[in-house]
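Fold and contact review
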Amino acid sequence: MRHHLLIFTFFLSINTLLAQNTALRGIVRDSASGSPLGFVSIGLVRLPDTVTVGQASTDEQGRFTLPLESPGKYILKIKYVGYVDFQTPIALPEDAVSLLQISLKPGDNVLGEVTVKEQLIPIMLIGDTIVYNAGAFQVKENAVAEDLLKKLPGIEVDRQGNIKTMGQDVKQILVDGKPFFGNDPKAATKNLPADAIDQVKVYDKRSDQSTFSGFDDGSGEKVIDIRLKADRRRGSFGRFTGGYGTEERYLGSGMYNRFSPKEQFSVLGAVNNINDFGFSFDEMLQSGLLSVNGGGGVADGDGESSGGVMIRSGGSGIGNQDAGISRSFNTGLNYWRDISPKFAIDGNLLLSGSDTRLEQQLWRQNFFADSTVDYRQTTNNRDQRINPRLRLEMDWKLDSFNTLNLKTNGSFTQRQSDDQRNYNFALSEQDPFLFGINRLQRDIDRSRANAAFLWKHNFRKKGHTFSTSAQVVLQPAHIVSNNDFLTTDTLLQQSDQSELNSLYAIKSSYTRPFRKRNRFIEYTYAATQSHFETDKNTFDFNPDTRSYSVRNTFFSNGLGYDFFNQQAGVNYRRQRLRYDYGFGLATQHSYLNAAPNTGTSATKRHYYHILPNANVRFTLGKTAHLRLKLLSSIQPPEVRNLLPAPDNSNPQVLRLSNPDLQPEQRYTLQTNYQNFKMTQLSTLMGMGSITFIRNRVGSDIVRAATGQQIITPINTDGGLLATAFGMWSRPLKDRRLRFSTNINQVLNTGYGLLDGQRNNNLFWTKGGGARLSFEKNDHFFVELGTNINHNYTRNSASQPAVNQFWNYALETATEITLPKGWKINADLSWNRYLGQSTTNNTEFVLLNGSIGKRFLKKEAGFLEIGVHDALNQNLGVERTPGNGYLEEVSNRILRRYFMLKFTYRLLPKGAGAGGAGEGFKIRF
């Protein structure tokens, strides 16, 4: 595919002398809006031998740097999907640095000229950015972005739609470099049509302040940037789906987008009863729409689980949740506009809600030094939630030296839950020694408001910068609950609890060149104050007055908690042609003040810490990179561990507090390796980390005579957390056959106390898989895959001391395109679970399938009939090992149903029916 070349503006100026090497620097912008373009591919060709001597990509601010070994004559080449190519000769004088301002003009006919059938390169590495070509990965008809991500090597999408890459969580999805519905990844992955996507880019996104200063402050997180095809960046497009099926299953969803270089507008809405919530776990957790310890679900443990659930259900086809059966809705709009070259605004409004019915069977073995106690629980729960949220962001370039950024967001959650648990404790299944009924009703109102401000200043002296940020977070909540225990000793309680959680933070950074060129130094200061106050009044039922009027002082509490932290540091950074490195040191003073209102004395403590950091990046050849990092941090105690009154909301666990807890100290070593071989189109990636933990918070677990566990948090003298991930992918014969494989493991060690004995615990989860796919002429696609996972758990003070579990899965998927617009899809998975001391060593087969037909103009309509869990074997079972226990949960989930669906795609003017984007290609 050939792009016409148009240069809108270009000027070149020389402004600084160097001692030895030459470096080429510049900024790439959109010609219409003037906004910077991130992740643009830059290449430099040396003359007269036309050897490529440098490759780079622009950062999020559109900036790039190409170090050179010597001055001379070159050709600068710039390519960016959706824009016309840029190419110009450059003559760099001796000992000079060139600063370029380049504007690219959007291409109107980028998709219009196909000259040769070329092989799509599936993966490229540009610096530290992994770039996937969406057109190289086959997805089913009417697939969304989530379906595409599941196909990409190195990216994992679980049943709930949560995403990991290189073993790390992805917490934000960008669309064309811009936020899309805030920090809610699922708004993009569950709604954007896959056929609108050209590229998927994965990289570590640092904070705006860190990006500006050029110093890595450890705030980076994995981000996925979805790049749309050129025709979807202009005009309107959308996708609308409706369906109805057996078992009274239904769904309706729609998304409309209007994009231009200066403006983006999107509106979405969905309603269904197939467990497709359409928003993310983190968004639900922050807004209070999801609770870790309440409303049914898995019974509360001791906080020392392995971090890996070993049994997973086979998924739910169209839906993705296994915990009960839910009716849900969500609607919202997202808007971004460059009002002027100096001012941009971005925001979104979302409203979501759900009504979930849960039926659950829980079995838990608690291992002690001399016995094993079984806990069994049957749960019936109804949970209703509604949650509006608003986000607004403004960027204002005051002048060439100053920029302001303001971010605000707020949310409100109203939740009602009714949870009834029938439970018993037993030494064997036939011999329960304690049983009862626990009914927990909760009404929760929770709000959250957040405002963040950032000022960035460039001094007139080159390389001198100053930035300062401030943030305020307020989270009030009101919780009314009825907690009834119907046992031999009936206990009826009602509590009224008010909370206020607030955070105030400020951070400043000053950078300047240090002695020679390409050396910089940074001075930082940061201060944070976390404040929490709660007042909980618990009343027992008075049978004489038939009201909750007897105050229970044991389960009533109040607490004022402040954790103040200030940190001052200095950092050094140097850039070289083949490597760059940096290191720094910070001193931190923390002050903890926890004052209960129970009459006991306040806890006041001062903490002093030295926090080192370092990073180094090597360029190994043209396409290989190695990065090493040292990070250190302080984690204050959780508020729930400091509350002066016990928590008895779970019948099998009584949680006590420990006001003497100290903050955890974490020191982490990370390594990241990436290599892409153009000749073989193969990709090798690896990531590893090891974290050493001082004052780790563990658990002191004591078994009461009633069978209940009494848990007290304690500090332990160490712990270790190690993770590793590796992925290799390459095409095979004819490059229509692709193979990929991955391995991963998590090792978590530490100790606690179990019935007064030291309990050394070790959780080791390891696994891997392989995938083979074949595609022929866009008409036939088949994929085979396998996954094996093994979990090893050891607790030295319990019997049995060791538990092991295995998961095996074989998967296959097929898509066939027939004449006259017919499509057939089928996917099948076989799952087997084995383990020690378990009740559910089982296997099942999950089969989903559909047949459909395209019709209407440009094949914009698609009618299909599909079946979910055709064999009616799907299981909603989870198995979790932990510190002295093994737990299995079985939920009532969606089983077999048939559904008839109709999808209509609104295509932009000039767009075809779909297919691969232009991407990046190589001829054979």
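Residues numbered from 1 in each chain as written. Predicted model: local features only at pLDDT ≥ 70, side-chain atom pairs only at ≥ 80, totals over all residues. Heavy atoms only, no water.

1. Observations concerning the overall build of the protein
Inclusion rule: Segments assigned H or I by DSSP are reported as helices when at least four residues long, segments assigned E as strands when at least two residues long, and all are numbered from the N terminus. Partly exposed describes any residue whose relative accessible area lies between the buried limit of under 20% and the exposed limit of over 50%, with all areas from a 1.4 Å probe on protein chains only and scaled to the type maximum. Working rule for contacts: check all heavy atoms of both residues, and any pair within 4.5 Å makes them a contact. To measure how exposed things are, a 1.4 Å probe is used in the Shrake-Rupley method; for residues, cover is taken only from the protein chains shown.
Within the protein, the regular secondary structure consists of four helices and 51 strands. Looking at the protein as a whole, 50% of its 924 residues qualify as buried. For the protein, the share of sequence-separated contacts (at least 6 apart) that also reach a separation of at least 24 residues comes to 67%. For the protein, the accessible surface area stands at approximately 40,000 Å², while carbon and sulfur atoms represent 55% of it.

2. A look at the pattern of salt bridges
Stated formally: Salt bridges, as used here, are contacts in which a Lys or Arg side-chain nitrogen is within 4 Å of a carboxyl oxygen on Asp or Glu.
In total, this model carries 33 salt bridges according to the counting rule given. Here Arg385 and Asp383 are joined by a salt bridge, their closest N and O atoms 2.4 Å apart. The exposure classification of Arg385 matches that of Asp383, with both residues buried. A salt bridge links Asp660 to Arg605, with the nearest nitrogen and oxygen atoms 2.9 Å apart. Here the residue Asp660 occupies a position in the loop between strand E35 (653-655) and strand E36 (664-677), and Arg605 occupies one in strand E32 (residues 603-620), the gap between them amounting to 55 residues. Here the salt bridges share partners, and the residues they tie into one network are Lys151, Arg771, Glu783 and Glu811.

3. Some points on unusual backbone geometry
Unusually for a residue other than glycine, Glu248 sits at a positive phi of about 60°. In this structure, Glu248 sits in the loop between strand E18 (235-245) and strand E19 (250-260). When its relative accessible area of 60% is taken as the criterion, Glu248 is described as exposed. Not every positive phi belongs to a glycine, and Arg546 is a case in point at roughly 55°. Here Arg546 is to be found in the loop between strand E28 (519-542) and strand E29 (547-551).

4. Re the environment of Gly861
Tracing the backbone through its elements, the reader meets Gly861 in strand E47 (residues 861-868). The sequence separation of Gly861 and Thr903 amounts to 42 residues, and the corresponding C-alpha distance is 5.8 Å. In this structure Gly861 touches Lys853, Arg854, Phe855, Leu856, Phe902 and Thr903, once residues within four positions along its chain are discounted.

5. Regarding a nonpolar patch on the surface
As a reminder, the rule being used: Only residues whose relative accessible area exceeds 30% and that take part in no salt bridge are eligible for patches, with like-charged residues grouped when within 9 Å of each other and nonpolar side chains (Val, Leu, Ile, Met, Phe, Trp, Tyr) grouped when within 5 Å.
Residues Phe240, Leu818, Trp822, Ile824, Ile851, Phe855, Leu856, Leu863, Ile865, Leu900, Phe902 and Tyr904 make up a contiguous nonpolar surface patch of about 990 Å² in total accessible area. Among the secondary structure elements, those contributing two or more residues to the nonpolar patch are strand E45 (822-835), strand E46 (842-855), E47 and strand E50 (897-906). With three residues, E50 is the largest single contributor of residues to the nonpolar patch. Along the chain, the position of Leu863 falls in strand E47.

6. Re the nonpolar core
Put simply, the rule is: Put simply, a nonpolar core is a bunch of buried Ala, Val, Leu, Ile, Met, Phe, Trp, Tyr and Cys residues held in one set by side-chain atoms that sit within 4.5 Å of each other.
The biggest cluster of nonpolar side chains holds 48 residues, and the ones touching the most others in it are Tyr132, Leu148, Ile155 and Ile224. With four residues, the top contributor of residues to this core is strand E10 (residues 123-126). The next biggest cluster of nonpolar side chains, apart from the first, holds 19 residues, and it includes Leu24, Val28, Ile78 and Leu104.

7. Comments concerning the packing of aromatic side chains
Under the convention used in this document: Under the pairing criterion, centres of Phe, Tyr and Trp rings, with the six-membered ring standing for Trp, must be within 6.5 Å; the plane angle then separates stacked pairs below 30 degrees from edge-to-face pairs above 60, leaving the rest tilted.
With the rule as written, the count across this model stands at 18 aromatic pairs. Measuring from centroid to centroid gives 6.5 Å for Tyr510 and Tyr523, while their planes differ by 15°, and the two rings are stacked. Highlighted residues: Tyr510 in strand E27 (residues 491-513) and Tyr523 in strand E28, separated in sequence by 13 residues. Judged by relative accessible area, which is 26%, Tyr510 ranks as partly exposed. You can call Tyr523 partly exposed: its relative accessible area is 42%. Taken together, a centroid distance of 6.0 Å and an interplanar angle of 65° make the contact between Trp728 and Phe739 edge-to-face. One end of the pair, Trp728, is in strand E40 (residues 719-731); the other, Phe739, is in strand E41 (residues 737-754), with eleven residues separating them in the sequence.

8. Examining the pairing of strand E44 (residues 802-817)
Convention followed: A pair of strands is labelled paired if DSSP reports no fewer than 2 bridges between them.
Here strand E43 (residues 780-795) runs beside E44; their pairing, made up of 15 bridges, is antiparallel. Residue pairing in the sheet places Glu783 in a bridge with Ala813 of E44. Between E43 and E44, which follow one another and run antiparallel, lie six residues. Pairing of E44 with E45 involves 13 bridges; the strand directions are antiparallel. Considered in E45, the bridge of Glu811 is made with Ser829. Counted between consecutive antiparallel strands, the loop separating E44 from E45 contains four residues, among which Lys820 sits at a positive phi close to 65°.

9. Some remarks on the confidence of the model for the protein
Operational definition: Confidence of the predictor at the level of single residues is given by pLDDT, which spans 0 to 100.
When the pLDDT values of the protein are averaged, the result is 80; 84% of them are 70 or greater. Mean pLDDT values for the elements of the protein range from 33 in strand E1 (residues 7-17) up to 95 in E47. Low confidence marks residues 109-118, where pLDDT is under 50. Its contacts with residues over four positions away, or in another chain, come to 20 contacts.

10. What about the pairing of strand E37 (residues 682-694)?
The pairing of E36 with E37 spans 13 bridges and is classified as antiparallel. What sits directly across from Gln674, in E37, is Met685. Note that E37 and E40 share eleven bridges and pair antiparallel. Its bridge partner lying in E40, Thr683 is registered against Ser729.

11. With respect to the environment of Ala344
You can see Ala344 is positioned in strand E22 (residues 343-367). Sequence separation of Ala344 and Asn405 is 61 residues, and the distance between their C-alpha atoms is 9.7 Å.

12. Overview of the environment of Gly243
Within the secondary structure, Gly243 is located in strand E18. Remark: the alpha-carbon pair of Gly243 and Leu900, spanning 657 residues in sequence, is separated by 5.4 Å. Apart from residues lying up to four places away in sequence, Gly243 is in contact with Arg249, Tyr250, Leu251, Met899, Leu900 and Lys901.

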